[in-house]
Amino acid sequence: MTFQWPAMLLFLLLIPGVVAAYVSWQRRRRERAAGLAAQGLVTTETGRPRSWRRHLQFALFTTALALLVIAVARPMTTIPTLQHRATVILTLDVSNSMAATDVKPSRIAAAKTAANAFVRQQPAGVRMGVVAFGQRSVVVQQPTFSHGDVLQAIDHLSLGGGTSLAQGILTSLDAIAGKTLRINQKDLGSDASQVHIGYYGGATIVLFSDGENTDQTSPESMARLTSVAGVRIQTVGVGTAAGTTVHIQGFTVATALDSQTLRSVAKVTSGSYHQAGNAEGLRTISNTIDPHLTFVRSHTEVTAIFAAAAAALLVLGALISLLRSGRVL
C-alpha cells in the first residue's frame, strides 16, 4: 500500500497519547470511587472485575480515529477488478501501391478514413494498437485504451516499399503478445498448427490493404498460425478490381485490388472481408469484437473504504452507548 499524502500518517502518533489519557482518566476515576466508598458515600463493587465491554466504545472510537487518519493520507493499493476487455490491432498497408487513386483521393487516404471511423465506433474497454506494414512492418502504436493516441498514429502513417501481408500479420501478433515472437519459416510452411506462440483468445486484427502481396511468405500460412493462437483477422479491401497505375521510382506499375487473397486470409481465421467504403461492413466488424471478462490489476485509491469503515465504527459505538446509557456519549 502507498499513500499520496504520507505526511498525514504522522497524526497516528496522537493515538498512543489518546490511549494514555483514557487509561489515566480510568485510574483517577477508580481512585475517586475508592475514596468515596471509604467514606461510605458509595457502595463498593464486589466479585469479578467489570467486563471489558465497558471499554468497547473507546476501542471503537480509537480504531475509527486511526482509520480516519489513514483515509486523510489517501491510501492506494493494487486491486484486481473484473472488467470487460478486448484487444484490437489495426494493421494498415503502407506499401507504394497504396498511393493509387482508383479510390479517391487515394487508397491510403481511404484506408485511414475507414480506420478512423472504426476507432470512433469502439467503446472505452477496447484496447487498440496500430501496425504499419510494407515489405517490413512496425508497431506504430502499442495497444492502449487512449483512442486519441490511436487516431494520431493512423494520421501520421506514410508510404514506402513493397508489400508483405505475412509480415504485417506477424507484427500484429507481436503487438498482441507484447513481445517479439520467434517463428521458424520452414515450420510455418509445413504445418502452422504445430507452431506454438501462445493463446490470445478474444484479440482481433483488422487488416486494411489492397491485398497485393510481393513477399514469398504465404499470408494464408501466417493466418493459420494466427487462428491457432485464438486471434481473428478481419480484412478490409482498399481499391478497385479494375485498378490503375502508380509511378514508383520512375516506373509505371499496374496495381489492382486483390480481394481473393484478403478473403482467404480472413476465412482461415473465421473472419470476414469488407470494402473500405462500406460503413455497414465496419459496423459488422465492430459487432464481432467480443470483450471478455478478465481480472485487471490496477493501482487504485481506497480512501473511501477507510472512511466508510471509520464511519461504521463511530455509528456502532453510538448505538452501543444508546443501548447502555440512553445517550450517545
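Please read these numbers as outputs of a predicted model, since none were measured by experiment.

Procedures and definitions
- Residues numbered from 1 in each chain as written.
- Predicted model: local features only at pLDDT ≥ 70, side-chain atom pairs only at ≥ 80, totals over all residues.
- Heavy atoms only, no water.
- Helix = DSSP H or I, 4+ residues; strand = E, 2+ residues; numbered from the N terminus.
- Buried < 20%, exposed > 50% of the residue type's maximum accessible area, 1.4 Å probe, protein only.
- Pairing = 2+ DSSP bridges.
- Salt bridge = Lys/Arg side-chain N within 4 Å of Asp/Glu carboxyl O.
- Right-handed = clockwise from strand over helix to strand, strands pointing away.
- Patch = residues over 30% accessible without salt bridge, like charges linked within 9 Å, V, L, I, M, F, W, Y side chains within 5 Å.
- Areas by Shrake-Rupley, 256 points an atom, 1.4 Å probe, with all protein chains shown as cover.
- Lys, Arg positive; Asp, Glu negative; His and termini not counted.
- Charge placed at Lys NZ, Arg CZ, Asp CG, Glu CD.

### Observations regarding unusual backbone geometry
Geometrically, the link from K104 to P105 is a cis peptide bond, its omega value of -5° lying close to zero. Within the secondary structure layout, P105 lies in the loop between β2 (75-93) and α3 (107-121). Not every positive phi belongs to a glycine, and R74 is a case in point at roughly 55°. Relative to the helices and strands, R74 is located in the loop between α2 (56-72) and β2. Residue classification places R74 among the partly exposed residues on the basis of a relative accessible area of 25%. We note that Q249 has phi near 50°; this positive angle belongs to a residue other than glycine. Since its relative accessible area comes to 76%, Q249 is described here as exposed.

### Examining the pairing of strand β8 (residues 251-255)
Judged from the five bridges that link them, strand β7 (residues 244-248) and β8 form a sheet pairing that is antiparallel. Looking at β8, one finds that H247 is bridged to T252. Between β7 and β8, which follow one another and run antiparallel, lie two residues, and Q249 among them has a positive phi close to 50°.

### Here we look at the pattern of salt bridges
A complete count under the given rule lists four salt bridges for this structure. We note a salt bridge from R107 to D102, for which the minimum N-O separation is 2.9 Å. Under the relative-accessibility criterion, D102 is labelled buried at 17%. Salt bridges here are not isolated pairs; linked through shared partners, they connect D102, R107 and D210.

### Some thoughts on the pairing of strand β5 (residues 204-209)
Most of β5 is tucked away: six of the six residues are buried. Alternating residues of β5 divide into T204, V206 and F208 and I205, L207 and S209, and every residue in both groups is buried. Alignment of β5 against strand β6 (residues 232-237), held across six bridges, turns out to be parallel. Among the inter-strand pairings, I205 is bridged to a residue of β6, identified as I233. The parallel pair β5 and β6 is bridged by helix α7 (residues 219-228), and the resulting crossover is right-handed.

### Observations regarding a positive patch on the surface
Side chains of R27, R28, R29, R30 and R32 sit close together on the surface and give a patch of like positive charge. Among the secondary structure elements, R32 is positioned in helix α1 (residues 14-38). When its relative accessible area of 49% is taken as the criterion, R32 is described as partly exposed.

It is worth stressing that arrangement in space is one thing and function is another; only the former is reported here.
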